[in-house]
Amino acid sequence: MPPITITETSGAVNVTVLLDLDQWFRDGAGNLVDPQSGNKDGVNESLIEENIKNSIEAFEDDDYDGEDD
């Protein structure tokens with residue numbers, strides 16, 4: 001899906017943002033990791049950062065149904 005670009009001259013755009021918070025503090029095997037280990041220079045800093053990035057989904061949603069049509 002192409003990225004949504006919104007500028008000062010764009011008209012109104014309806015966007016739905018989904019976050020899968022359950023995966024933020026889990027390792028590859030699905031085990032929970034200590035959130036504090038994701039602090040700067042922590043043992044799980046990059047793991048948690050990638051999990052957060054991968055948990056975000058956003059898409060244009062003109063019909064307000066929460067689904068990417």
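Residues numbered from 1 in each chain as written. Predicted model: local features only at pLDDT ≥ 70, side-chain atom pairs only at ≥ 80, totals over all residues. Heavy atoms only, no water.

The next point concerns the side chain of threonine 16. By the element assignment, threonine 16 lies in strand 1 (residues 15–19). The class for threonine 16 is buried, based on a relative accessible area of 15%. Among the polar contacts made by the side chain of threonine 16, one reaches the side chain of aspartate 61 at a distance of 2.5 Å. Among residues more than four places away in sequence, those in contact with threonine 16 are Glu57, Ala58, Phe59, Asp61 and Gly66. (Helix = DSSP H or I, 4+ residues; strand = E, 2+ residues; numbered from the N terminus. Buried < 20%, exposed > 50% of the residue type's maximum accessible area, 1.4 Å probe, protein only. Polar contact = N/O pair within 3.5 Å; in protein donor to acceptor, adjacent residues only side chain to side chain. Contact = heavy atoms within 4.5 Å.)

Here we come to the pattern of salt bridges. The final tally for this structure, using the stated rule, is three salt bridges. Here arginine 26 ties to aspartate 22 by a salt bridge, and the two come within 3.4 Å at their closest N and O atoms. Accessibility expressed as a relative area gives 22% for arginine 26, which makes it partly exposed. Assessed through its relative accessible area of 45%, aspartate 22 is described here as partly exposed. Each of the salt bridges in this network shares a partner with another, and the network as a whole consists of Glu49, Glu50 and Lys53. (Salt bridge = Lys/Arg side-chain N within 4 Å of Asp/Glu carboxyl O.)

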